[in-house]
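Architecture and fold: a report
So the chains spell out like this:
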Amino acid sequence: MVDTGAAVSRPLIGVTGDDTRLPLAWWFIRLALQRCGAEAYRLTPSNSAIPKNLDGIIISGGDDIDQGLYLPEAPEVAPMNPRRDRFEIAVLERFLPRSLPILGICRGAQLLNVVLGGSLHVDLRHLRRRTSNRRMLLPHKTLMLDAGSHMEEILGTERCHINSLHHQAIDRLGEGMVVSGRDLDGITQAVEAADGHFRMGVQWHPEYLPFQRPQRRLFKALCEAASQ
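Residues numbered from 1 in each chain as written. Predicted model: local features only at pLDDT ≥ 70, side-chain atom pairs only at ≥ 80, totals over all residues. Heavy atoms only, no water.

With that settled, consider unusual backbone geometry. Located in the positive-phi region is Ser99, a residue other than glycine, with phi close to 55°. Locating Ser99 in the fold gives a position in the loop between helix H2 (82-95) and strand E4 (102-105). Unlike most non-glycine residues, Cys106 shows phi in positive territory, near 55°. The topology assignment puts Cys106 in the loop between E4 and helix H3 (107-115). Accessibility expressed as a relative area gives 5% for Cys106, which makes it buried. (Helix = DSSP H or I, 4+ residues; strand = E, 2+ residues; numbered from the N terminus. Buried < 20%, exposed > 50% of the residue type's maximum accessible area, 1.4 Å probe, protein only.)

Structure follows, in structure tokens:
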């Protein structure tokens, strides 16, 4: 008997990051994608050759973005990585016009917003009233999702707990983006494309929360969008 069923291909997701000997975020993101049936491909400034068959992109977390890209008069308050900025900006500028599924994580969400013409809060400490400035991998902050948003649909909840490793966040929104989630201080924690394309940014690190079903659903949704 002839098997006429077509083999189901695994979507290929590019994951950008820095050149480092201990790429912790890459390891966790790759595992999250593998669990969803996708293949991960690591992209860094030194490994910048982009496969032609990429189905989706994750811009991962890391150092602050060069403030000169969005706020020339801002002081430098943390380490920056201009080489990585240039590389990831080129990646986004290449794939944004193609409507490829994109997920920005922490720094990645901020860079996506900046590339689309938005700006960032340089330092969140003076904006916090109800939440702590302490950075932790454990989920100690509350995420409140906007009703009817794509992010709420994906995560399957109106509220959940998230981690926090950042001291910057999105201020003025980039073109075509809307806020879909905030913390208890009203600080933006999630953004998405207003036109419904899978173009999303999250301020937390879902790769470090694999025990939470909503975070697993986020990677699953990316993989499903990439498969289409």
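Before going further, it helps to spend a moment on the nonpolar core. Leu33, Ile58, Leu103 and Phe219 are the most contacted members of the largest nonpolar core, which has 32 residues in total. The set of elements that each furnish at least two residues to this core consists of strand E1 (12-16), helix H1 (24-35), E4, strand E6 (136-145), helix H4 (150-155), strand E7 (159-164), strand E11 (199-202) and helix H5 (213-227). In contact with Leu33, not counting residues within four places along its chain, are Ile13, Val15, Ala38, Ala40, Ile58, Phe219, Leu222 and Cys223. Counting residues in hydrophobic clusters, the runner-up holds 26 residues, among them Leu12, Phe95, Leu96 and Ile170. (Core = buried A, V, L, I, M, F, W, Y, C linked by side-chain atoms within 4.5 Å. Contact = heavy atoms within 4.5 Å.)

Spatially, nine strands are ordered E2-E1-E3-E4-E11-E10-E9-E6-E7 in an open sheet, and the strand pairing comes out mixed. Lying at the two open borders of the sheet, with one neighbouring strand each, are strand E2 (39-43) and E7. Neighbour-to-neighbour, the strand axes of this sheet turn through a mean angle of 30°, independent of strand direction. Taken together, the three bridges between strand E3 (residues 56-59) and E4 define a ladder with parallel strand orientation. When the bridges of E4 are listed, Ile57 appears paired with Ile102. Along the sheet face, H1 touches E1, E2, E3 and E4 and points at about 155° away from the line of E2. (Pairing = 2+ DSSP bridges. Axes fitted to C-alpha atoms, helices over the stretch in contact; angles between N-to-C directions.)

Sheet topology note: the E1/E2 ladder contains five bridges and is parallel. Paired with Val15 across the two strands is Arg42, which belongs to E2. Taken together, E1, H1 and E2 constitute a β-α-β crossover, and its handedness is right-handed. (Right-handed = clockwise from strand over helix to strand, strands pointing away.)

This part takes up the confidence of the model for the protein chain. Considering every residue of the protein chain, the mean pLDDT works out to 91; 93% of them sit at 70 or more. Counting contacts from residues 1-6, a segment whose pLDDT is below 50, to residues more than four positions away or on other chains yields zero contacts. (pLDDT = per-residue confidence, 0-100.)

A contiguous patch of positive charge on the surface is contributed by Arg35, Arg213, Arg216 and Arg217. The greatest single-element share of the positive patch, amounting to three residues, is contributed by H5. Here Arg35 is to be found in helix H1. (Patch = residues over 30% accessible without salt bridge, like charges linked within 9 Å, V, L, I, M, F, W, Y side chains within 5 Å. Areas by Shrake-Rupley, 256 points an atom, 1.4 Å probe, with all protein chains shown as cover. Salt bridge = Lys/Arg side-chain N within 4 Å of Asp/Glu carboxyl O. Lys, Arg positive; Asp, Glu negative; His and termini not counted. Charge placed at Lys NZ, Arg CZ, Asp CG, Glu CD.)

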